[in-house]
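Coordinate inspection notes
Listed here are the chains, written in short residue letters.
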Amino acid sequence: MENVLQNFGIKDFSVQLGWVETNTPLSKKDVEKLNENLQKIGFEILEDASLKLIESIKKLILEKVQNLEIDENFLLSKFLSEQLNKEYSSISKAFSQTENITLEQYFILQKIEKVKELLAYKELTLSQIADRLGYKTVQHLSQQFKKTTGFSPSQFQELKEKKRLPIDFI
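Everything numeric here is computed off the predicted structure, so don't read it as measured data.

So, on to the layout of surface pockets. For the second largest pocket, the calculated volume is near 240 Å³. Lining the second largest pocket are 16 residues, with Phe74, Phe107, Lys111, Gly134 and His140 positioned closest to its centre. Secondary structure elements with two or more residues in the lining of the second largest pocket: α6 (103–121) and α8 (138–149). Tallying contributions element by element places α6 first for the lining of the second largest pocket, with four residues.

Another aspect to go through is the packing of aromatic side chains. The geometry of an aromatic ring pair is captured by the separation of the ring centres together with the interplanar angle, meaning the angle of the planes. Enumeration according to the criterion identifies four aromatic pairs in this entry. The interplanar angle of 55° and the centroid separation of 5.4 Å between the aromatic rings of Phe74 and Phe79 together place this pair among those described as tilted. Accessibility classification places Phe74 together with Phe79 in one group, the buried group. Ring geometry for Phe145 versus Phe156: centroids 5.5 Å apart, planes at 75°, classification edge-to-face. With a gap of 11 residues between them, Phe145 in helix α8 and Phe156 in helix α9 (residues 153–158) connect regions that are remote in the sequence. Judged by its relative accessible area of 1%, Phe156 is buried. The structure contains a cluster of three or more aromatic residues connected by ring pairs, namely Phe74, Phe79 and Phe107. The cationic tip of Lys111 hangs over the ring face of Tyr135; the distance from NZ or CZ to the ring centre is 4.1 Å.

Turning to the side chain of Asn35, a few remarks are in order. Looking at where Asn35 falls in the secondary structure, it is placed in helix α2 (residues 28–40). In this structure Asn35 comes out as buried when scored by relative accessible area, which is 17%. Among residues more than four places away in sequence, those in contact with Asn35 are Phe43, Glu44 and Ile45.

Attention now goes to the pattern of salt bridges. In the structure shown here, the tally under the stated rule is four salt bridges. Lys114 is the salt-bridge partner of Glu117, the closest N and O atoms lying 3.0 Å from each other. With Glu117 and Lys114 both in helix α6 and three residues apart, this pair spans about one turn of that helix. On the basis of relative accessible area, Lys114 is assigned to the buried category, the value being 6%.

On average, residues of the protein score 85 in pLDDT, and 88% of them reach the 70 mark or higher. Mean pLDDT across the elements of the protein ranges from a minimum in strand β1 (residues 13–16), with 71, to a maximum in helix α4 (residues 76–84), with 96.

It is worth spelling out the nonpolar core at this point. Counting residues in each nonpolar core, the largest one holds 33 residues, and the members touching the most others are Ile57, Ile61, Leu76, Leu80, Leu103, Ile129 and Leu133. Of all the secondary structure elements, the ones that give two or more residues to this core are α3 (47–67), α4, α5 (88–99), α6, α7 (126–132) and α8. In terms of residues, this core owes the most to one element, α6, which gives seven residues. With residues up to four places along the chain from it excluded, the contact list for Leu80 reads Ile57, Leu60, Ile61, Asn85, Tyr88, Ile91 and Leu103.

Below, the discussion takes up the environment of Ser142. Among the secondary structure elements, Ser142 is positioned in helix α8. For the pair Ser142 and Leu126, spaced 16 residues apart in the sequence, the C-alpha separation amounts to 8.8 Å. Residues contacting Ser142, with those up to four places away along its chain left out, are Leu126 and Pro153.

Okay, the environment of Glu44 next. Relative to the assigned elements, Glu44 resides in the loop between α2 and α3. As for Glu44 and Leu34, which are separated by 10 residues in sequence, their C-alpha atoms are 8.8 Å apart. Those residues in contact with Glu44, other than ones at most four positions away along the chain, are Asn35 and Gln39.

Cut-off values and rules
- Residues numbered from 1 in each chain as written.
- Predicted model: local features only at pLDDT ≥ 70, side-chain atom pairs only at ≥ 80, totals over all residues.
- Heavy atoms only, no water.
- 1 Å grid on protein atoms, 1.4 Å probe; cavity = no way out; pocket = protein on both sides within 12 Å on 5 of 7 lines; lining within 4 Å.
- Points joined across faces, edges and corners; volume = space filled by probe spheres on them.
- Helix = DSSP H or I, 4+ residues; strand = E, 2+ residues; numbered from the N terminus.
- Phe/Tyr/Trp six-rings, centres within 6.5 Å; stacked < 30°, edge-to-face > 60°.
- Buried < 20%, exposed > 50% of the residue type's maximum accessible area, 1.4 Å probe, protein only.
- Lys NZ or Arg CZ within 6 Å of the ring centre and 35° of its normal.
- Contact = heavy atoms within 4.5 Å.
- Salt bridge = Lys/Arg side-chain N within 4 Å of Asp/Glu carboxyl O.
- pLDDT = per-residue confidence, 0-100.
- Core = buried A, V, L, I, M, F, W, Y, C linked by side-chain atoms within 4.5 Å.

See below:
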């Protein structure tokens, strides 16, 4: 593999099991050519596949949260496994390694951001919000909300400035 990288003009790199890091900028076309050469010796670049998987996971979670149709018996692991046709352990590992947060934590953060939005618009009661986001009780939602934001839902509603984060920053 090192010969392929050197022959391709990449001089500054480090190779570890399953990973190659380099500071050499490569165009999309160069990456495709490098991948072709690596495939000849039994390797391939998986970055694109991994990033596509992460984006698919995020999209599925966001859609699920935005639709407000989460049953109280909803299992994130089952949902993602069925939707992506992959074992949850591999999905979870890829996500955690790339995003530095667990899937469950990411899911909770997305739900809490939706709760903030719904509380700001005051269209649903806290009980309705809890029901539509899959919380078994309002108390569980309130505890998770306070743990995540530092405020109870009622304290949050009283704030003049809502402390919402854009989805891209979560």
